[in-house]
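# Residue-level structure breakdown
Chain residues, written in single-letter form:
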Amino acid sequence: MLMTVCHMAACTFFVSCGHDGHKRSSYVNDSIYTLDNIRTIIMTDPAKALAMLDTAESKKLIARHDMYGMKSVI
């Protein structure tokens, strides 16, 4: 239980950090590879969330610090 609370706190901290200033593609707005979509499945389907983060990373759709923060929770 304590581990879950710590993971949730870490996720909240890393996700709430500001943007890193990199310009993102306009494709992100209608993409399934957004932090909000990944965040909704991170606890229920961590393997899928990790795969989505890897895809988002390869397409440069999510800032590195956001991606690393989400991966630290998984």
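Note: the structure precedes this text.
A brief report on the enclosed structure follows.

Calculation notes
- The residue numbering used here restarts from 1 in each chain and proceeds along that chain's sequence as written.
- Under the rules for a predicted model, residues below a pLDDT of 70 receive no local features and side-chain atom pairs below 80 are neither given nor counted, while totals for whole chains, interfaces and linings still include all residues.
- Computation of side-chain values covers all heavy atoms of the structure but excludes hydrogens and water.
- In this description a helix means any DSSP run of H or I spanning at least four residues, a strand means any run of E spanning at least two, and both kinds are numbered starting from the N terminus.
- The rule is simple: take the accessible area with a 1.4 Å probe, protein chains only, and divide by the maximum for that residue type; under 20% is buried, over 50% is exposed, in between is partly exposed.
- Contacts are assigned to residue pairs that have any heavy atoms within 4.5 Å of one another.
- To be clear on the numbers: accessible area is Shrake-Rupley with a 1.4 Å probe, and residue cover counts the displayed protein chains and nothing else.
- A side-chain nitrogen of Lys or Arg and a carboxyl oxygen of Asp or Glu constitute a salt bridge if their distance falls within 4 Å.
- We define a polar contact as two N or O atoms separated by no more than 3.5 Å, with the added condition that, inside protein, one atom must be a possible hydrogen donor and the other a possible acceptor, whereas residues neighbouring each other in sequence contribute only through side-chain atom pairs.
- Any helix carries an expected span of 1.5 Å times its number of residues minus one.
- Directions are taken from the helix axis to each C-beta atom, and the arc is the one they span.

This paragraph deals with the overall build of the protein chain. The number of helices and strands found in the protein chain is 4 helices and 0 strands. In sequence order, the secondary structure elements of the protein chain are arranged as α-α-α-α. The buried share of the protein chain, reckoned over its 74 residues, is 30%. Residue pairs in contact within the protein chain that sit at least 24 positions apart in sequence constitute 64% of those at least 6 positions apart. Only carbon and sulfur atoms are counted for the fraction: they give 62% of the accessible area of the protein chain, which is about 5100 Å².

Quick look at the pattern of salt bridges now. By the definition in use, this model includes 3 salt bridges. Notably, a salt bridge pairs arginine 39 with aspartate 36, separated by 2.8 Å at the nearest N-O pair. Remark: aspartate 36 and arginine 39 occur in helix 2 (residues 35–41); sequence separation between them is 3 residues, near one turn of the helix. Judged by its relative accessible area of 31%, arginine 39 is partly exposed. The salt bridge partner of glutamate 57 is lysine 71, with a shortest N-O separation of 3.3 Å. Here the residue glutamate 57 occupies a position in helix 3 (residues 46–58), and lysine 71 occupies one in helix 4 (residues 64–73), the gap between them amounting to 14 residues. Exposure remark for glutamate 57: the relative accessible area of 35% places this residue in the partly exposed category.

The next subject is the environment of alanine 47. Among the secondary structure elements, alanine 47 is positioned in helix 3. The sequence separation of alanine 47 and isoleucine 74 amounts to 27 residues, and the corresponding C-alpha distance is 8.5 Å.

Relative to the helices and strands, histidine 65 resides in helix 4. A distance of 3.3 Å separates polar atoms of two side chains, one belonging to histidine 65 and the other to aspartate 66.

This part covers helix 3. The end-to-end C-alpha separation of helix 3 is 18 Å, in line with the 18 Å expected for 13 residues at 1.5 Å each. Here helix 3 has its buried residues at Ala49, Met52, Leu53 and Ala56. Down the axis of helix 3, the buried side of the element spans an arc of 100°, and every buried residue falls inside it. In helix 3, the exposed positions angled more than 90 degrees off the buried face are occupied by Ala47 and Ser58. Note on helix 3: the residue one or two positions beyond its end, lysine 60, has a positive phi of about 55°.

Honestly, that's just the spatial picture; any functional story needs more than this.
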